[in-house]
Amino acid sequence: MTIITVEKRLLALPTTAISDATGGHTNVASSIKPLADHFKIAGRALTVRLPDGENGAVLEAISKASKGDILVIDCKSNTNRAVAGDFVMQLAQGVGVQGFVVDGVIRDLAATREIDFPVFALGTTVAAGNKHGGGAVGVPVSVGGVVVEQGDYIIGDIDGVIVVPQRQIEAVIEAAEAKVAKDEVREQEASIRAYLAKVVK
């Protein structure tokens, strides 16, 4: 018997349907965008809070990550220094991290796309982050105007990023799946009526 995981069910849904199912209350600000159009993620949040210009706690998070985790990095929208470059992203990818959602910037965009590591961020910079200390892993964070707690579900695609609290995930998936099914039926009926209107004089 094949078990369809929560993550697979989420990956099969567009973020627009999930947003409708949540009422849009946990949509991350639209300024946080995928750095390649095909990037899509769905999994549990491993949260990281950084002081301005720092990125040392990102490495700590990678060392603690489970396969499929998504690093959700709160750096207070600082765009002066990157929270990660291609080396750090390859480390994350190597231990099974699924992607990053960053309320800030990364660097090495071309390499990020080359290794096909999904990143959703405010943009890019040439400046590296510092490793002077500070930061925390596994604490509540705020990213794109939404509070994220450790273990919440993160879903992202070309349309944006949504946070779903883990206690609500089953209800949200069921509502989103129902929305998609309803839309498919409506589209089928619309195409049938268009065809009938064309051929029936």
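Scroll up to find the structure this text is about.
Everything numeric in this text was worked out from a predicted model, so none of it was measured.

1. Some details on the overall build of the chain
Within the chain, the secondary structure is distributed over six helices and 12 strands. Oriented by its inertia axes, the alpha-carbon framework of the chain measures out at about 75 × 35 × 35 Å. Evaluated residue by residue, the chain yields a buried proportion of 45% over its 201 residues. For the chain, long-range pairs separated by at least 24 residues make up 73% of all intrachain contacts whose partners lie at least 6 apart in sequence. Accessible area for the chain stands at about 10,300 Å²; split by element, carbon and sulfur atoms hold 53% of it. Of note, the chain has its 20 positive side-chain charges centred 3 Å away from the centre of its 24 negative side-chain charges.

2. Here we look at the environment of Y195
If you trace the backbone, Y195 turns up in helix α6 (residues 169-199). In sequence terms Y195 and R113 are 82 residues apart; their C-alpha atoms lie 43 Å from each other.

3. Examining helix α2 (residues 15-22)
All buried positions along α2 are accounted for by T15, A17, I18, S19 and T22. Downstream of α2 by a residue or two, G23 has a phi angle that is positive, lying close to 80 degrees.

4. A few points about empty space enclosed by the protein
Summed over all chains, the structure comprises one cavity of 30 Å³ or more. Size it by volume and the largest cavity reaches roughly 40 Å³. Forming the boundary of the largest cavity are P51, G53, E54, C75, N78, R81, A82, V83 and G129. Classifying every residue of the lining of the largest cavity by side-chain character gives four nonpolar, three polar and two charged.

5. What to know about unusual backbone geometry
One can expect most non-glycine residues to show negative phi and most peptide bonds to be in trans. Positive phi, normally seen in glycine, also occurs at K76, with a value near 55 degrees. With respect to the secondary-structure elements, K76 resides in the loop between β3 (70-74) and α4 (86-94). Despite not being glycine, D108 has its phi angle at roughly 65 degrees, a positive value. Structurally, the position occupied by D108 is in the loop between β5 (105-106) and α5 (109-115).

6. Section: the pattern of salt bridges
Under the counting rule described, the total for this entry stands at six salt bridges. The partner of D20 in a salt bridge is K179, and the shortest N-O contact between them spans 3.4 Å. Linking D20 in helix α2 with K179 in helix α6, this pair joins segments that are 159 residues apart in sequence. In this structure, a network of salt bridges that share partners links the residues R9, E170 and E177.

7. Overview of the layout of surface pockets
Of the voids in this model, the largest pocket is the one considered here, and its volume is about 170 Å³. Every residue lining the largest pocket is counted, 15 residues in all, and those nearest its centre are T15, V28, D159, G160 and V161. Taken together, the residues of the lining of the largest pocket sort by class into seven nonpolar, six polar and two charged.

8. Some details on the nonpolar core
Core analysis: the biggest nonpolar cluster contains 42 residues, and V58, L71, I73, F100, V101 and I154 have the highest contact counts within it. Discounting chain neighbours no more than four positions away, the residues touching V58 are V48, L50, L71, I73, V83, V88 and F100. Counting 13 residues, the second largest nonpolar core, distinct from the first, contains L10, L13, A42 and I173.

The rules behind each value
Residues numbered from 1 in each chain as written. Predicted model: local features only at pLDDT ≥ 70, side-chain atom pairs only at ≥ 80, totals over all residues. Heavy atoms only, no water. Helix = DSSP H or I, 4+ residues; strand = E, 2+ residues; numbered from the N terminus. Buried < 20%, exposed > 50% of the residue type's maximum accessible area, 1.4 Å probe, protein only. Contact = heavy atoms within 4.5 Å. Areas by Shrake-Rupley, 256 points an atom, 1.4 Å probe, with all protein chains shown as cover. Lys, Arg positive; Asp, Glu negative; His and termini not counted. Charge placed at Lys NZ, Arg CZ, Asp CG, Glu CD. 1 Å grid on protein atoms, 1.4 Å probe; cavity = no way out; pocket = protein on both sides within 12 Å on 5 of 7 lines; lining within 4 Å. Points joined across faces, edges and corners; volume = space filled by probe spheres on them. Nonpolar A, V, L, I, M, F, W, Y, C, P; charged D, E, K, R; others polar. Salt bridge = Lys/Arg side-chain N within 4 Å of Asp/Glu carboxyl O. Core = buried A, V, L, I, M, F, W, Y, C linked by side-chain atoms within 4.5 Å.

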